[in-house]
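Inside the fold
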Amino acid sequence: MRYADGPRTFCEVHIKATVEEVWSLVTDIALPARLSPELRGVAWLDGAEGPAVGARFEGHNENERLGNWRTVSHVTELTDREVFAWIVTDADGRFGRPSTDPAASLASWRYELTPEDGGTRLRHSVLIGPGRNGVTAAIDRWPDREEQIIEVRLGELRTGMAATLDGIKFLAEQGS
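Everything numeric in this text was worked out from a predicted model, so none of it was measured.

1. Observations concerning the nonpolar core
Proteins that are soluble and globular tend to have nonpolar side chains buried together. Counting 42 residues, the largest nonpolar core has Val 22, Tyr 111, Leu 122 and Ile 168 as its most contacted members. For this core, the elements supplying multiple residues, two or more each, are strand 1 (8–15), helix 1 (19–26), strand 4 (67–79), strand 5 (83–89), strand 6 (107–116), strand 7 (119–128), helix 3 (134–141) and helix 4 (146–174). With nine residues, the top contributor of residues to this core is helix 4. Apart from the residues within four sequence positions on either side, Tyr 111 is in contact with Val 26, Pro 32, Glu 82, Val 83, Phe 84, Trp 86, Leu 122, Arg 123, His 124, Thr 164, Leu 165 and Ile 168.

Next comes the structure, spelled out in structure tokens:
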């Protein structure tokens with residue numbers, strides 16, 4: 001896969017809990033920071049207290065190869081108990097020129113919830129780019145390894161998504 005192809009991946013899980021119970025967990029932006037190996041903290045911005053289209057939140061990330069960085073995310077889609085989606089921007093210019101332009105996002109993230117077999121099918125997906133990010137920085141340095149760089153990053157993201165989904169599943173099924 002090439003960067004121009006729009007690298008993407010997803011993970012999904014069946015949870016023995018109602019859509020409403022799972023929805024309350026996926027829309028808690030602080031929860032993934034407790035579960036993900038890369039996301040370290042989040043906070044709503046501009047007085048927002050919860051998800052709404054246009055609401056913004058900052059994230060603090062840490063990765064062995066990329067170091068530490070802050071992002072600003074914008075909620076782009078919110079369909080009650082069905083879809084929670086946001087784009088991530090590089091407001092501080094960690095990977096290029098500072099930007100909060102959605103057209104230059106680092107990545108787009110999405111949760112989709114579907115009732116299934118008395119529980120909920122939860123799908124977590126990501127699209128890398130189209131803006132500059134750690135992947136494009138690595139490709140600039142090693143252009144002959146583009147496909148490998150993308151494969152490694154997608155694997156890291158799948159690992160993080162799987163850990164997050166496992167945590168959500170555990171919490172939802174325990175009723176916490």
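2. Examining the sheet that holds strand 6
Read across the sheet, seven strands follow the order 1-7-6-5-4-3-2 without closing on themselves; strand pairing throughout is antiparallel. Looking along the sheet, the strands with just one partner apiece sit at the ends: strand 1 and strand 2 (39–44). Strand after strand, the sheet turns through a mean of 20° between neighbouring axes, direction not considered. Judged from the six bridges that link them, strand 5 and strand 6 form a sheet pairing that is antiparallel. In the strand pairing of strand 6, Val 83 is matched with Glu 112. The sheet strands contacting helix 1 are strand 1, strand 4, strand 5, strand 6 and strand 7, and the helix crosses strand 6 at an angle near 165°.

3. Details of the pattern of salt bridges
Per the counting criterion, the structure on display carries 17 salt bridges. Here Lys 169 makes a salt bridge to Glu 173, at a shortest N to O gap of 2.9 Å. Of this pair, Lys 169 and Glu 173 are both found in helix 4, four residues apart, which corresponds to roughly one turn of the helix. Taking relative accessible area as the criterion, Lys 169 reaches 23% and is therefore assigned partly exposed. On the basis of relative accessible area, Glu 173 is assigned to the partly exposed category, the value being 31%.

Conventions adopted
Residues numbered from 1 in each chain as written. Predicted model: local features only at pLDDT ≥ 70, side-chain atom pairs only at ≥ 80, totals over all residues. Heavy atoms only, no water. Core = buried A, V, L, I, M, F, W, Y, C linked by side-chain atoms within 4.5 Å. Buried < 20%, exposed > 50% of the residue type's maximum accessible area, 1.4 Å probe, protein only. Helix = DSSP H or I, 4+ residues; strand = E, 2+ residues; numbered from the N terminus. Contact = heavy atoms within 4.5 Å. Pairing = 2+ DSSP bridges. Axes fitted to C-alpha atoms, helices over the stretch in contact; angles between N-to-C directions. Salt bridge = Lys/Arg side-chain N within 4 Å of Asp/Glu carboxyl O.

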